Amino acid sequence: MTGTVLSGPLLLAIPIAVLAGFISFASPCVLPLVPGYLGYVTGLTGEDLEQQRRGRMVLGVSLFIAGFTAVFVTMGWIAGALGRSLMEYNDVITRVLGGVTIVLGLVFAGFVPKLAGEKRMNVRPAAGLIGAPLLGVVFGLGWTPCIGPTLTAIVSLSSGFGDAQRGGLLAFAYCMGLGLPFLLAALAYRRAMTAFGVLRRHRVAITRFGGAMLVLIGVMLVSGLWAHLIASSQGFIAGFELAV
């Protein structure tokens, strides 16, 4: 295959994907449940979490992250592969997905309450390290609308690349933005809970910002501005390529 996996378009999209992942983490139906997730994937009680048994916490969280990363990277890979097979209709597909992203951005920001609501798969794997990867898979497949809108934006961007590897890499960047705060919480539980308290106090502003970001991405996709930026970045970063 000619070309590179990491090039101008991805250098433009990866920071957006990481930010989208963090916004998903900071959303009102994920952030408040972080202590519960940490306890569930490690099998530790609240007192043990306070004592910061880091080795077990890091292992459990890593397995949890691996579970939802497998789901999201597969989605990104599929979106990129479909983008390649449907390149003839790529412009129409991109604009349609952009419209969907706009609607989901408004839902995420709370402006369409009738479409909002917490929906998730009612599957509860065994608590502890053994169930941690499965809980990650369940988290990846069934947690909406907090993850759904931001993930839709990433899938929309992935489909425009027409490359399964690039789609998977963009989804992996999203998982880093979503997963690293979980890992930081495992490494420094008490400090993380204090920092998360600040995020909870500003949850409305974070949600509105996230929704505005999704609407902006959707508008860029619908208007063709995203494609224009990608074309411009190809020329601007033509001399910088990392072959993979």
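Residues numbered from 1 in each chain as written. Predicted model: local features only at pLDDT ≥ 70, side-chain atom pairs only at ≥ 80, totals over all residues. Heavy atoms only, no water.

Peer 1: Please clarify how the overall build of the protein should be interpreted in this entry.
Peer 2: For the protein, the helix and strand inventory stands at 11 helices and 0 strands. Ordering the α and β elements of the protein from the N terminus gives α-α-α-α-α-α-α-α-α-α-α. Counting the 244 residues in the protein, one finds 46% classified as buried. For the protein, restricting intrachain contacts to residue pairs at least 6 apart in sequence, the fraction spanning at least 24 positions comes to 83%. Here the protein displays about 11,700 Å² of accessible surface, and carbon together with sulfur accounts for 69% of that area. (Helix = DSSP H or I, 4+ residues; strand = E, 2+ residues; numbered from the N terminus. Buried < 20%, exposed > 50% of the residue type's maximum accessible area, 1.4 Å probe, protein only. Contact = heavy atoms within 4.5 Å. Areas by Shrake-Rupley, 256 points an atom, 1.4 Å probe, with all protein chains shown as cover.)

Peer 1: So what exactly am I meant to see when it comes to the packing of helix H2 (residues 34-42) against helix H4 (residues 54-85) here?
Peer 2: Geometrically, a packed helix pair is captured by the angle between its two axes and the distance between the axes. Here H2 crosses H4 at 100°, and the two axes come no closer than 8 Å. Classed by the angle they form, the pair H2 and H4 counts as roughly perpendicular. Of the residues in H4, those in contact with Tyr37, Leu38, Val41 and Thr42 of H2 are Arg56, Met57, Gly60, Val61 and Phe64. Along the lines of polarity and charge, the residues of the contact of H2 with H4 split into 6 nonpolar, 2 polar and 1 charged. (Axes fitted to C-alpha atoms, helices over the stretch in contact; angles between N-to-C directions. Parallel < 35°, antiparallel > 145°, perpendicular 65-115°, else oblique. Nonpolar A, V, L, I, M, F, W, Y, C, P; charged D, E, K, R; others polar.)

Peer 1: Looking at this structure, how should I read helix H10 (residues 203-223)?
Peer 2: For H10, spanning 21 residues, the distance from its first C-alpha to its last is 30 Å, which sits close to the expected 30 Å at 1.5 Å a residue. Phi turns positive one or two residues past the end of H10, at Gly224, with a value near 90°. (Expected span 1.5 Å × (residues − 1).)

Peer 1: Before we go on, may I ask you to explain the UniProt feature "transmembrane region" (unreviewed entry) in the protein in this structure?
Peer 2: Summarizing the sequence annotation, UniProt attributes the feature "transmembrane region" (unreviewed entry) to residues 12-38, 58-80, 92-113, 134-157, 169-189 and 209-231 in the numbering used throughout. When the span residues 12-38 is considered, its composition is 74% helix and 0% strand, and the gap between its end C-alpha atoms is 33 Å. The span residues 169-189 is 95% helix and 0% strand, and its two end C-alpha atoms sit 29 Å from each other. (UniProt positions renumbered as here; feature names shortened; annotations may be inferred.)

Peer 1: Could you clarify how one ought to interpret the packing of aromatic side chains in this entry?
Peer 2: Describing an aromatic ring pair means giving the distance of the ring centres and the angle of the ring planes. Tallied over the entire structure, the rule returns 11 aromatic pairs. A centroid spacing of 5.3 Å and a plane angle of 75° characterise the contact between Phe64 and Phe182, whose relative ring orientation is edge-to-face. Of the two residues, Phe64 is situated in helix H4 and Phe182 in helix H8 (residues 164-187); the sequence distance between them amounts to 118 residues. As far as the burial class goes, Phe64 and Phe182 line up, both buried. (Phe/Tyr/Trp six-rings, centres within 6.5 Å; stacked < 30°, edge-to-face > 60°.)

Peer 1: Help me understand a nonpolar patch on the surface in this model?
Peer 2: A grouping of Tyr89, Val92, Val96 and Val100 is seen on the molecular surface, where their side chains present a nonpolar patch of about 370 Å² in accessible area. You can see Tyr89 is positioned in the loop between H4 and helix H5 (90-108). (Patch = residues over 30% accessible without salt bridge, like charges linked within 9 Å, V, L, I, M, F, W, Y side chains within 5 Å. Salt bridge = Lys/Arg side-chain N within 4 Å of Asp/Glu carboxyl O.)

Peer 1: Quick question: what am I supposed to make of the packing of H4 against helix H6 (residues 132-142) here?
Peer 2: Contact geometry for H4 and H6: axes closest at 7 Å, N-to-C directions at 40°. In this view, H4 runs oblique relative to H6, as classed from their interaxial angle. Two packed elements cross with a definite hand, and for H4 against H6 that hand is right-handed. Each of Gly60, Leu63, Phe64, Gly67, Phe68, Val71, Phe72 and Met75 in H4 lies in contact with H6, whose residues at this interface are Ala132, Pro133, Leu135, Gly136, Val137, Phe139, Gly140 and Leu141. Considered class by class, the residues forming the contact of H4 with H6 number 12 nonpolar, 4 polar and no charged. (Left-handed = near helix turned anticlockwise from the far one by under 90°.)

Peer 1: Help me understand the environment of Gly76 in this model?
Peer 2: With respect to the helices and strands, Gly76 occurs in helix H4. Through-space distance from the C-alpha of Gly76 to that of Gln165 is 8.4 Å; in sequence the pair is 89 residues apart. The residues touching Gly76, leaving out its near neighbours within four places in the chain, are Ser158, Ala164, Gly167, Gly168 and Ala171.

Peer 1: Could you clarify how one ought to interpret helix H9 (residues 189-201) in this entry?
Peer 2: Three- or four-residue spacings in an α-helix give side chains the same orientation, since the helix completes a turn every 3.6 residues. Compared with the 18 Å implied by 1.5 Å per residue over 13 residues, the 18 Å span of H9 between its first and last C-alpha is a close match. Along H9, the residues classified as buried are Tyr189, Ala192, Met193, Phe196, Gly197 and Leu199. Each buried residue of H9 sits inside an arc of 160° when the element is viewed along its axis, so together they form one side. Exposed residues lying more than 90 degrees from the buried face of H9 are Arg191, Thr194 and Arg201. (Arc of directions from axis to C-beta.)

Peer 1: Sorry if this is basic, but what is going on with the nonpolar core here?
Peer 2: Soluble, globular proteins show a tendency: their nonpolar side chains are buried together. Judged by nonpolar contacts, the single largest core of 48 residues is most densely connected at Val34, Phe72, Tyr174, Leu178, Phe182 and Phe196. Taken together, the elements giving at least two residues each to this core come down to helix H1 (8-26), H2, H4, H6, helix H7 (148-159), H8, H9 and H10. Those residues within four positions of Tyr174 in sequence are excluded, and the remaining contacts are Ala17, Ala20, Gly21, Ser24, Phe72, Ile147, Thr150, Leu151 and Ile154. (Core = buried A, V, L, I, M, F, W, Y, C linked by side-chain atoms within 4.5 Å.)

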